[in-house]
Amino acid sequence: MRIVCIGGGPAGLYFALLMKRNHPEHSITVVERNRPYDTFGWGVVFSDATMVAMRKWDPESAAEIQDAFNHWDDIELVFKRTRQRTTGHGFVGIGRKKLLNILQNRCEALGVELRFETEVNGDEDFPDADLVIASDGFNSKIRNKYADIFEPDLVKRPNRFVWLGTNKLFDAFTFDFRKTEHGWFQAHIYKFDDKTSTFIVETTERAYQAHGLDAMSQDESIRFCERLFADTLGGAPLMSNARHVQGSAWLNFSRLICGKWSHFNGHSHVVLMGDAAHTAHFAIGSGTKLALEDAIELTRQFNEHGHERDAIPAVLDDYEAIRRVDVARIQNAARNAMEWFEVVGERYADQLPPEQFMYSMLTRSQRISHENLRLRDPRWLEGYERWFAAQAGVPAREGERPLPPMLTPFTIRGVTLKNRIVMSPMAMYSARDGMIDDFHLVHLGSRAMGGAALVFAEMTCVSPDARITPGCLGLWNDAQAEGWKRLADFVHTSTDAKLGIQIGHAGRKGATRLAWEGIDEPLTEGAWPLLSASSLPYLPHSAVPRAMDRADMDRVLADFTAATRRAAEAGVDWLELHCAHGYLLSSFLSPLTNRREDEYGGSHENRARYPLEVFRAVRGAWPQDRPISVRLSAHDWAKGGNTPDDAAIFATMFKDAGADMIDCSSGQVWKQEKPVYGRLFQTPFSDKIRNEVGIPTIAVGAISEADHANSIISAGRADLCAIARPHLADPAWTLHEAARIGIRSLAWPRQYSSAKRQFETNLERAAAQ
């Protein structure tokens, strides 16, 4: 085949040499606009795992690259006049120029034709090519020419950064954070050869503008950075190799992904590779890694399908399908890391102590978890766990293993939870006339015995017409209150857990069938009239609710207040007000469901007016020594709906009204929602509200193991973790997860002590196999 690689970066060069090495009969040309052995940029970083693949595919170039690598395991943080260091992280760095020189030499040795100082207008310059590799970088002419086919999705990020270098050598990947009068700056620093270190400086647009960096020359900008990071530089100067760039050379990162990666132009197949197809933020240093892995995968597909022209369509289809998944995974991690740096000043740097800030930084991508840190650096993690346990009031004795963060106590008002695990409210649809019966006693009592510190019953409705289904719990009469007292007495006498109640009103989502008879489907008989902020049905065929008037509001407010008093008298420890998931109070908060034109609609203040009226009434009726949390939908996942920024505004309002905690959920407000699921996908909402609003939070959603909970609590992304479905599958989830991570000090119910010994023994046997 005749193959042309447009762009002589890592992607084009590495693909050229791999294909030529595998099939020398191919005619392969790499066309590059710059001079031979000339390149811009400082060092590049990728992981040890990338080197494993490179050694497999071309041992010769891999050996030379490895010889030129600077390998380090340590990460050092400079922050608030402290220095912290951890090891075991396995990075490799190499100068970009050195890497390209090695690949260029290898291409020449294999017989690849290299054309330098050659401008390419587009793929039509090579009509005889069977395959054109568009590896011409982020500003790809080829991609831009076929934008309607490749469908590039480009997002410009808000932070500014400048890519500099220094001759001071650093023996760890160093992060240095400095506060100025206009905000925080951070430096990402790593050595890439025996003379030079990369030194990337990043800040917000606001700080960039406030310091006048937009008006500075490159030299002035460099002098500014030298003064700011003088302690770390120790007198060493900073250098730029971007003199070809006009102005101060500060850039905005742009995230790129394409809807399609290949195209047949009538005579040649064209495929995107490297930065022409996708970008990944330097916060996890994966741009070069992605480019090299693109080259490896495309080569592998030719080996699978054959090296004839007829195989190209199938090769390109499979290449894109496989790489799209891998790139999405890296981009998600890079996005998490990138967003962490974008909000570090407003969310973490001023709020977190240095120890917790370090943990948060290490786990910013969410690819590194608590137990992964233990594998990397067990000594550092145990030291952090000791610090966290001491902060929680349970310091470990010398030689004793500290409690992991999820098992440390948490106190709010007059209630102390023995650990940070909460059983989420989960609808059981099993009540008759709203009454707690033996099912609920067994269901909730067994979970209270299973180690969770706080056990919530399902949303408990404040009136008969507040129910979601005929099977929902209620607290609108004294008989129901007696059932709650029975449950509270059992929990308090037979366990050391606390009992929580979540009170709410279904609003427009009421009068529906039991879940297993058709979730959200309206009752065919026995339905009751519905209320909501506006007259909008939940489903097109749902009953249309009445928009509440003042009389409705007064009656419902009185119902909430009466239920609160009954819960307090029954001995419930914790109350949560349900303002999420499209139920009545949530319907006021979301602009999707609140179309009112009176003082209860429109602005944030107006939409929150009635939910806050209810909250204040509930807070006044609830004992002052007992906590109240508020559950919010922090994201409506629908165009025109609430976003996390809106949720932070509402959280601030509830905080000011006396809320003790925000339970951060999302969705279920608008039936046409399009949630973006993923690992711990709702935790960022809790993180934002906790650290920007300054109120304790509960994280929910896809938290299913101790490693998740410990990571969230340790990093300060939440104060409590609510576990839902795993608690349905395993009433003793907390006890079992503690045992799985080697905690033997946790007490089980004394009646189950023999099971504790057997369970721990079985885990030890399994680990030894």
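Structural data are supplied above this passage.
Cut-offs used in this document
Residues numbered from 1 in each chain as written. Predicted model: local features only at pLDDT ≥ 70, side-chain atom pairs only at ≥ 80, totals over all residues. Heavy atoms only, no water. Helix = DSSP H or I, 4+ residues; strand = E, 2+ residues; numbered from the N terminus. Buried < 20%, exposed > 50% of the residue type's maximum accessible area, 1.4 Å probe, protein only. Contact = heavy atoms within 4.5 Å. Polar contact = N/O pair within 3.5 Å; in protein donor to acceptor, adjacent residues only side chain to side chain.

**Remarks on unusual backbone geometry**
Even without being a glycine, Glu-151 presents a positive backbone phi close to 50 degrees. Take Glu-151: it is sitting in the loop between α6 (147-150) and β10 (152-166). Relative accessible area serves as the criterion here: at 47%, Glu-151 is assigned to the partly exposed category. Of note, Ala-702 is a non-glycine position whose phi angle comes to about 60 degrees, a positive value. Look at Ala-702 and you get partly exposed, because its relative accessible area is 45%.

**Here we look at the environment of Arg-83**
Locating Arg-83 in the fold gives a position in strand β6 (residues 82-86). Between the alpha carbons of Arg-83 and Glu-355 there is a distance of 10.0 Å; along the sequence they are 272 residues apart. Beyond its immediate stretch of four places on either side in the chain, Arg-83 contacts Glu-76, Leu-77, Val-78 and Thr-232. Engagement of the side chain of Arg-83 in a polar contact is seen with the side chain of Glu-76, the distance being 2.6 Å.

**Looking at the side chain of Ser-711**
Secondary-structure assignment places Ser-711 in helix α23 (residues 706-714). Of the residues examined, Ser-711 reaches a relative accessible area of 7% and is grouped as buried. Not counting the four nearest positions on each side in its chain, Ser-711 is found in contact with Tyr-359, Ser-369, His-370 and Arg-717.

**Digging into helix α25 (residues 733-740)**
Side chains three or four residues apart in an α-helix point the same way, a direct result of the helix having 3.6 residues per turn. Here α25 lies mainly inside the structure; seven of its eight residues are buried. Within the sequence span of α25, burial applies to Trp-733, Thr-734, Leu-735, His-736, Glu-737, Ala-738 and Ala-739. The inward-facing, buried residues of α25 contact β20 (421-423), α15 (438-449), α23, β29 (720-723), α24 (725-729) and α26 (753-768). Note on α25: the residue one or two positions beyond its end, Gly-742, has a positive phi of about 90 degrees.

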